[in-house]
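Here are the chains, one letter per residue:
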Amino acid sequence: MILLWALAGYLSGSVPFGLLLTRLAGLGDIRRIGSGNIGATTVLRSGRRGLAAATLLLDALKGALPVLAAGHFGGADAAAVAAIAAFAGHIFPVWLGFRGGKGGATYLGGLAGLSPPVALVFATAWLITALAFRYSSAAAMAAAIAASAAATMWTPPPVALAIAAMGAFLFFTHRANLDRLRRGAEPKIGQR
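Source: prediction; values computed, not measured. (Residues numbered from 1 in each chain as written. Predicted model: local features only at pLDDT ≥ 70, side-chain atom pairs only at ≥ 80, totals over all residues. Heavy atoms only, no water.)

K.L.:
Can you walk me through the pattern of salt bridges in this structure?
P.N.:
Here the idea is simple: oppositely charged side chains can pair when their charged atoms come close. With the rule as written, the count across this model stands at 5 salt bridges. Arg 23 is the salt-bridge partner of Asp 29, the closest N and O atoms lying 3.6 Å from each other. Taking the shortest distance from any N to any O, the salt bridge between Asp 59 and Lys 62 comes out at 3.3 Å. Of this pair, Asp 59 and Lys 62 are both found in helix H4 (residues 49-74), 3 residues apart, which corresponds to roughly one turn of the helix. (Salt bridge = Lys/Arg side-chain N within 4 Å of Asp/Glu carboxyl O. Helix = DSSP H or I, 4+ residues; strand = E, 2+ residues; numbered from the N terminus.)

So this is what it looks like as structure tokens:
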């Protein structure tokens, strides 16, 4: 059953909502803008705030829904596996040659399914960092650290481990952003 929850999580996470929504809106291939990813930050760089908000919501839902289903029918371990799988599906979607987004919104959705209080910590840390510095990448990484710390206090060990593993991998997906932040070349939120 764990393998089935992993597959369900992966397939849910691999739906490229940013790409689908921008194509439906007549903007073409979103991967030609900014970093070339399919997430909400890249959609925002297209100038379409409504599409970016919809992408954020749908990317979070594709992380939350399989986790909630797995948790309900399979328990905490199944939910943790579904969260990791949905997160991996967003980053490595089979439909796009395994080149997707960086995982921030899907990570948030997975957190919401695993532990709403930890998801709230992530969202609060992201918002505070984003408002203070206006870098989405820095906000995502700071929020991942905060969520991992909160998870060690508020969730069972398998769930905390899954949250920490996804948070660590979020840093990996943002390695180019880290380099640009060090060089002062990272675009701020809302810049194209």
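K.L.:
Hey, could you run me through the side chain of Thr 173 in this one?
P.N.:
Summarising the element assignment, Thr 173 is placed in helix H9 (residues 157-173). A relative accessible area of 11% means that Thr 173 is categorised as buried. A polar contact is formed between the side chain of Thr 173 and the backbone oxygen of Leu 170, at a distance of 2.8 Å. In this structure, Thr 173 is in contact with Ile 91 and Lys 102, ignoring residues within four places of it in sequence. (Buried < 20%, exposed > 50% of the residue type's maximum accessible area, 1.4 Å probe, protein only. Polar contact = N/O pair within 3.5 Å; in protein donor to acceptor, adjacent residues only side chain to side chain. Contact = heavy atoms within 4.5 Å.)

K.L.:
What is the right way to read H9 from this model?
P.N.:
It helps to recall that an α-helix has 3.6 residues per turn; residues three or four apart then point in one direction. In a regular helix each residue adds 1.5 Å, so 17 residues correspond to 24 Å; H9 covers 24 Å between its end C-alpha atoms and thus fits that length. Regarding H9, the residues found buried are Val 159, Ala 160, Ala 162, Ile 163, Met 166, Gly 167, Leu 170 and Thr 173. Seen from one end, H9 has its buried residues packed into an arc of 160°, which puts them on one side. Turned more than 90 degrees away from the buried face of H9, the exposed residues are Pro 157, Leu 161 and Ala 168. Lining the buried residues of H9 we find helix H5 (76-91), helix H6 (104-114), helix H7 (116-133), helix H8 (136-154) and helix H10 (175-183). (Expected span 1.5 Å × (residues − 1). Arc of directions from axis to C-beta.)

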